[in-house]
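# Coordinate inspection notes
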Amino acid sequence: MALVASVPIRPAAARPGQILAVSVIALFLAIFLVIPAGTVIYTAFTEKGTGALTIVNFIDFFNTDLFRRSFFNSVYVSGMSVVWASAIALPLAVLTTRFDFRGSLIIQTLGFVPLIMPPFVGAVAMQLLFGRNGTVNLLLNDWFGIRVPFMEGLNGVIFVQSLHYFPFILINLSTSLRNIDRSMEEAAQNLGSSGFRLFRRIVFPLAMPGYLAGASLVFVKVFDDLATPLLLNVKDMLAPQAYLRVTSVGLTDPMGYVISVILIAVSIFAMWLSAVAMRGKDYSTVQRGGGGLSRRKLSRGESVIAYGVVALILLLVLSPHIGLLLLSFATVWSFSPLPDAYTVAHYGRVFGESSLYIKNTLIYASLAGLIDVVIGGAIAYLVLRTKVVGRRWLDWAATAALAIPGVVLGIGYLRTFYGITLPDGTPLATLWVTVVLALAIRRLPYALRACYAALQQVSESLEEAAENLGATKQRTIRRIVLPLMTGGLLAGFVTSFSTAAVELSATLMLIQSNSDAPIAYGLYVFMQSPAGRGPGAALGVIAVIMVALCTLLSHYVIERRQKALGTAK
Amino acid sequence: MTVNINSAALAAGPAKAISISDVNLYYGALHVLKDINLEIQPGEFFAFLGPSGCGKTTLLRLIAGFNNARQGKVVIGGQDVLDMPPWKRDIGMVFQSYALWPHMTVAANVAFGLEERRLPRAEVERRVKAALELVGLKHLADRRPSQLSGGQQQRVALARTIAIEPKVLLLDEPLSNLDAKMRVDVRRELRELQQRLQLTTIFVTHDQEEANTVCDRIAVFNEGSIQQVGTPMGLYEKPANLFVANFLGTANILGGKIAGSGANRSFEVVGGGSIPIPSGTDVPAGAKLVFRPQYATIGSLEPGAVALEGIIAHREFLGATVRYGVRIGASTVLIDAPFHSGDALLEPGAATTLGLKPSSAQWLAH
Ligand SMILES: Nc1ncnc2c1ncn2[C@@H]1O[C@H](COP(=O)(O)OP(=O)(O)O)[C@@H](O)[C@H]1O
Ligand SMILES: [Mg+2]
């Protein structure tokens, strides 16, 4: 047998390929994230006209009645959404983790609701169901002579948002609850505690980190959301104000930028606050071999109450979907609990006129997903497997996109790229490619997490074995790492795809012509006129089905791959 | 730690007896506890000893109220507790994982049970102080559990339990998360504490040395049933079956058959040799010969001993003794020979003679 030639061990110096990769990604993030966001912040601090640095814009902001009110409204709506979302999520989380409850699977499935339909799509349907002359109030009025202002003003936004975003709290809280070792609870029982006191003093505090993570996410999402308040005709909140200033007053008006800075600051502040509150509180206490919290059997009476509560919540949560479905088949639906008659004409119209929206959406969302997976995968590899300079900065910059709301990114692109024109004179900012890039940047942090997870599952020894057998770094990546990461990369692609497919806030600012518009934009346009509601709803149903199908399909594919690779772990 | 002997601040009522009768428990089809019957005396330090998975924890949790046995009876201090929920039982349990709540300080952990009993604030403070003093951790009252070492956490768990002045104390493998040196110290302290509080205590362990050194009596478990109950010495000297003989210490086991009858019975060892059976000894059918390594001599015969021929298979020098493996027929027995300075050791392969007194041998069927 021939002797293996010994390769001198070099310090892990960065290879040219790695440096190139870092540079390309850095350039991409700089142009499409850092510079636009920086421009927005810089503009907020400069004086209109002279360009001198100043904080006078902020003083103006807080001296204007409308802006002050918008600020407080945004804080109020986000806070109340957290409260109501908690009120829905808490009983569901407790029921599924602490009791033998057959409905658990249904409740867990609710976790996907925010993924497959943006809140604004359901908002119109909610008005028909819960509005002043909606189904519920008409019935309440008939039976009891009362009306409940579910959808009046800010209430409507709070109602729609908390129904939509409560799964974030449900998922995080359930995970936390499941990670509590049963001995934590039993020790308390052994010392004489039981029932609600036990929950208040031991179980809930231990689940606090998960609750806070979910709650802060809900707060930030609601605070940044543009489309829902706009569709419900609530204009005195921050995100709508930013949009209106830029689109109606113009790109040079400083107030849009000031509001953007405040949106970013509040996002960062909320995330920081929850991080501080959670510091040193990794309470995950499940022991090896030990079980999670013990599940109690429900007595007959308790079962009835539990199923009742779950059915009620489920009905509430699904009401936007139900409403949307009804609306998409309705001829006329107003001042009556249910539509007057049913038709499929809206679908015909949508397929005839609006197939362009669907095509655009598929193209934009796939491209955005692809960009995310390529960049996310590259960053994950550079961070986890190399020592090349600057890799941490890439990770940091890509993650920072979390703090940049869609409106802000849209404004940033307009400001940065409007002046740059193509040879034929069209501004760069109005090109459909810009929308794709904005979507890709917005979804990058999530795709990046998926890529990290995927790469962490590939043991380094598998790569070393390939190199040991003579494969170069590039060939090892291609033949070993990528095939093993496929499942994770696909998962990253799907999250990016399905959320990009229904994202509206950045799109709303950047789309200039109807022929470039994706579904979300089309929906928004349809939903603004009473006559457009029917086709709008039909389009919404199509979007929901499309996203749900893609998500299901990818779950199926990922699971099959995982099974096939099961032995290779 | 030093147990503070003067701390009389924690009282314990009169010690309670525990009586368990005809307990059976199933997890689905798995029969985890089989016909458990046990009487534990007031103030006794009692051990559940057995290999892991044999049901010790399950029985302990049953006493504390965490499993519902549909069959059987558990009586503590004259009171049937089986239908009582855990929080009404007043039984102190120290969990194997300690189960300290990470979101509370040491003092808050210890105060928890007292607060749940709605004791006046001053009384809570007094007892927390006393309990922490008792385990020597008063200076760490404001720390979080995550800032303590394993041994300190263990003591906090103990303090938390004894602060409520429980009727009985249950310890589930309390030493398993400590390092070897710490284990020896802590088990001695546990014993001192138990003696002073006169608390009926059940100590679960899979380590025979732990059980032997601290406990008054031991129940040996295997596969969900109690094999034998007795003092450490009693179990070692008179094991009831082969499992107990093997689990407590090292036992040599040789197969064979009974020859003769009446006063002339003897045991013909497979592979050669015959041991006269002392009169009055009960030898069940199919029984095997059992003896401890130090009860046989090697190379020489003491008066009254009978000879067994064998060949040295291997040897280990242990300092005070030399442990020889001697092949007799198809089996190998272990013999511990005392070592004296200047002794020559026997070499593997050499033929040798073992001397065994019939009075130090036993015959066990299973
Ligand atoms: N919650 C449970 N469900 C099903 N089987 C269990 C459960 N807890 C313990 N067992 C089984 O019961 C047997 C006894 O377990 P345990 O009492 O924990 O053993 P020990 O404490 O002696 O190691 C084991 O076979 C274990 O697998
Ligand atoms: Mg155990």
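For the structure itself, consult the block above.
Quick look at the structure, then. (Residues numbered from 1 in each chain as written. Chains lettered and ligands numbered in written order. Predicted model: local features only at pLDDT ≥ 70, side-chain atom pairs only at ≥ 80, totals over all residues. Heavy atoms only, no water.)

What follows concerns the interface of chain B and chain A. With 26 residues of chain B at the contact, the number on the chain A side is 20 residues. Across the interface of chain B and chain A, roughly 2,100 Å² is buried in total on both sides, 58% from carbon and sulfur atoms. The largest per-residue losses of area from chain B upon contact with chain A belong to Trp87, His103 and Glu116 of chain B, which jointly make up 28% of the total buried on that side. Run the count over chain B and chain A and you get 4 salt bridges. A salt bridge links arginine 201 of chain A to glutamate 115 of chain B, with the shortest nitrogen-to-oxygen separation between them at 2.4 Å. (Contact = heavy atoms within 4.5 Å. Buried area = accessible area lost by both parts, 1.4 Å probe. Salt bridge = Lys/Arg side-chain N within 4 Å of Asp/Glu carboxyl O.)

Now for the packing of aromatic side chains. Under the defined criterion, the tally for this structure stands at 32 aromatic pairs over all chains. For the ring pair phenylalanine 130 of chain A and phenylalanine 150 of chain A, a centre distance of 5.3 Å and an interplane angle of 75° mean the geometry is edge-to-face. In this pair, phenylalanine 130 of chain A is assigned in helix α6 (residues 119-130) and phenylalanine 150 of chain A in the loop between α7 (135-144) and α8 (154-178), connecting sequence segments 20 residues apart. Given the relative accessible area of 25%, phenylalanine 150 of chain A is considered partly exposed. An aromatic cluster is defined as three or more aromatic residues linked by ring pairs; in this entry it consists of Phe61, Phe62, Phe67, Phe71 and Phe72 of chain A. In this structure, arginine 160 of chain B is placed above the aromatic ring of tryptophan 101 of chain B, and the distance from its NZ or CZ to the ring centre is 4.2 Å. Its guanidinium or amino end placed over the ring of tyrosine 236 of chain B, arginine 292 of chain B lies 4.0 Å from that ring's centre, counting from NZ or CZ. (Phe/Tyr/Trp six-rings, centres within 6.5 Å; stacked < 30°, edge-to-face > 60°. Helix = DSSP H or I, 4+ residues; strand = E, 2+ residues; numbered from the N terminus. Buried < 20%, exposed > 50% of the residue type's maximum accessible area, 1.4 Å probe, protein only. Lys NZ or Arg CZ within 6 Å of the ring centre and 35° of its normal.)

Let us look at the pairing of strand β15 (residues 288-291) of chain B. Residues and elements named next belong to chain B. As defined by bridge partners, strand β11 (residues 252-254) adjoins β15 across 3 bridges and the pair is classed as antiparallel. Of the residues in β15, the one forming a bridge with leucine 254 is leucine 289. The sheet contact formed by β15 and strand β21 (residues 362-364) spans 3 bridges and is antiparallel. Note on β21: the bridge partner recorded for leucine 289 is tryptophan 363. (Pairing = 2+ DSSP bridges.)

Residue and element names in this part refer to chain B. Taken together, 4 strands build an open sheet; the order of strands is β2-β1-β4-β5 and the sheet is antiparallel. Looking at which strands have only one partner, the edges of the open sheet turn out to be β2 (30-40) and β5 (79-80). Where strand β1 (residues 18-27) and β2 come together, 7 bridges link them in antiparallel fashion. Looking at β2, one finds that tyrosine 26 is bridged to histidine 31.

Let us now look at the site of ligand 1. All names here are of chain B. As a structural note, the neighbourhood of ligand 1 is formed by Tyr27, Val32, Ser52, Gly53, Cys54, Gly55, Lys56, Thr57 and Thr58. Within the backbone of cysteine 54, one N or O atom sits 3.2 Å away from an oxygen atom of ligand 1. Side-chain polar atom of threonine 58 to an oxygen atom of ligand 1: 2.4 Å apart, as the coordinates give it. Residue contributions to the shell around ligand 1 peak at 3 residues, all from helix α1 (residues 56-64). Classifying every residue of the shell around ligand 1 gives 3 nonpolar, 5 polar and 1 charged. (Near = heavy atom within 4 Å. Polar contact = N/O pair within 3.5 Å; in protein donor to acceptor, adjacent residues only side chain to side chain. Nonpolar A, V, L, I, M, F, W, Y, C, P; charged D, E, K, R; others polar.)

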